[in-house]
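Chain residues, written in single-letter form:
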Amino acid sequence: MKRILFTTFCCLMIIAAGTSCGSKNKGSEAGSQTTEKTNAKPARDKYIKLAAKMNAGMPQVFPGGIRVDRVEAVSDKEFRYVLTWTKEPVVSAEEFVRSAKLPLAMGIRNEEGEIETLRKDKMTISYAYYKMDGSLFAEIKIAPEEYSK
């Protein structure tokens, strides 16, 4: 649980840095990224159980305008965090992805607990950020090559 909070804290720091940059490109929705469906195998039971355990403590609201709504085992090689902005983001989706990807990968690399289990099995960890209206703002996928030491 501490590691989830650490990862979320890293995200919040990125958001805080992005909001102070002065980039106010609110009109660009074209940067939203979508998830492509593949013929992946279903998630393994241990990840479904892990997601259910983690979801027992959700949603978690954090200062800076982010709420972690749930986690889900997407496939046998992907685990997703679903987050919602509790206020309108002031950075573009492209800028947000560009500034958030490296700190998220570093957080995964150093984290223990639930994330350590995902890391050992070389899971892709994705973070889907939604706006309050339910539309996808951005999705960041961290592949095992990006968080490995």
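Residues numbered from 1 in each chain as written. Predicted model: local features only at pLDDT ≥ 70, side-chain atom pairs only at ≥ 80, totals over all residues. Heavy atoms only, no water.

This paragraph deals with the overall build of the chain. Across its full length, the chain carries 5 helices and 5 strands. Its helices and strands in sequence order give the chain the pattern α-α-β-β-β-α-α-β-β-α, from N to C terminus. Out of the 149 residues in the chain, the part that is buried amounts to 46%. Within the chain, contacts between residues at least 6 apart in sequence are counted, and of these 66% link residues at least 24 apart. (Helix = DSSP H or I, 4+ residues; strand = E, 2+ residues; numbered from the N terminus. Buried < 20%, exposed > 50% of the residue type's maximum accessible area, 1.4 Å probe, protein only. Contact = heavy atoms within 4.5 Å.)

Per-chain confidence: the chain averages 81 in pLDDT, with 73% of residues scoring 70 or above. Segment residues 16-36: pLDDT under 50, and 31 contacts once partners within four positions in sequence are set aside and those in other chains are kept. (pLDDT = per-residue confidence, 0-100.)

In this section: helix α3 (residues 93-110). Relative to the 26 Å expected for 18 residues at 1.5 Å per residue, α3 spans 26 Å between its end C-alpha atoms, a close match to the ideal helical length. A bend of about 35 degrees at A100 is the largest found in α3, and the proline P103 appears one to four places after it. Residues of α3 that are buried: A93, E95, F96, V97, A100, L104, A105, G107 and I108. (Expected span 1.5 Å × (residues − 1). Bend = angle between axes of the 7 residues up to and from the residue.)

Let us look at the pairing of strand β5 (residues 136-142). With respect to burial, β5 is a largely interior element, 6 of its 7 residues being buried. Examined bridge by bridge, strand β4 (residues 124-130) and β5 share 6 bridges and lie antiparallel to one another. Opposite I125, over in β5, you have I142 as the bridge partner. Between β4 and β5, which pair antiparallel and follow one another directly, the connecting turn spans 5 residues, one of which, G134, has a positive phi of 95 degrees. (Pairing = 2+ DSSP bridges.)

F79, Y81, F96, Y127 and Y129 are the most contacted members of the largest nonpolar core, which has 35 residues in total. Of all the elements in the fold, those that place two or more residues in this core are α2 (45-55), β2 (66-75), β3 (78-85), α3, α4 (114-120), β4 and β5. The element that contributes the greatest number of residues to this core is α3, accounting for 7 residues. (Core = buried A, V, L, I, M, F, W, Y, C linked by side-chain atoms within 4.5 Å.)

Tallying each qualifying case throughout the model produces 8 aromatic pairs. Relative to F96, the ring of W85 has its centre 5.4 Å away and its plane inclined at 65 degrees; by these criteria the two rings are edge-to-face. Here the residue W85 occupies a position in strand β3, and F96 occupies one in helix α3, the gap between them amounting to 11 residues. Taking relative accessible area as the criterion, W85 reaches 3% and is therefore assigned buried. (Phe/Tyr/Trp six-rings, centres within 6.5 Å; stacked < 30°, edge-to-face > 60°.)

Bringing α2 into the picture now. For α2, the complete set of buried residues consists of Y47, L50, A51 and M54. Viewed end-on, α2 has its buried residues packed into an arc of 100 degrees, placing them on one side of the element. Turned more than 90 degrees away from the buried face of α2 sit D45, K49, A52 and K53, all of them exposed. (Arc of directions from axis to C-beta.)

The next thing to look at is the pairing of β2. Both faces of the sheet carry side chains from a regular strand, because those side chains alternate between them. Examined bridge by bridge, strand β1 (residues 60-62) and β2 share 3 bridges and lie antiparallel to one another. Bridging from a neighbouring strand, V61 pairs with R67 of β2. The hairpin turn running from β1 into β2, its antiparallel successor, is 3 residues long, and G64 in that turn takes a positive phi close to 105 degrees. Of the strand pairs in this sheet, β2 and β3 are connected by 8 bridges, and their pairing is antiparallel. Its bridge partner being in β3, E72 is matched across the sheet by R80. Linking two consecutive strands that pair antiparallel, namely β2 and β3, is a turn of 2 residues.

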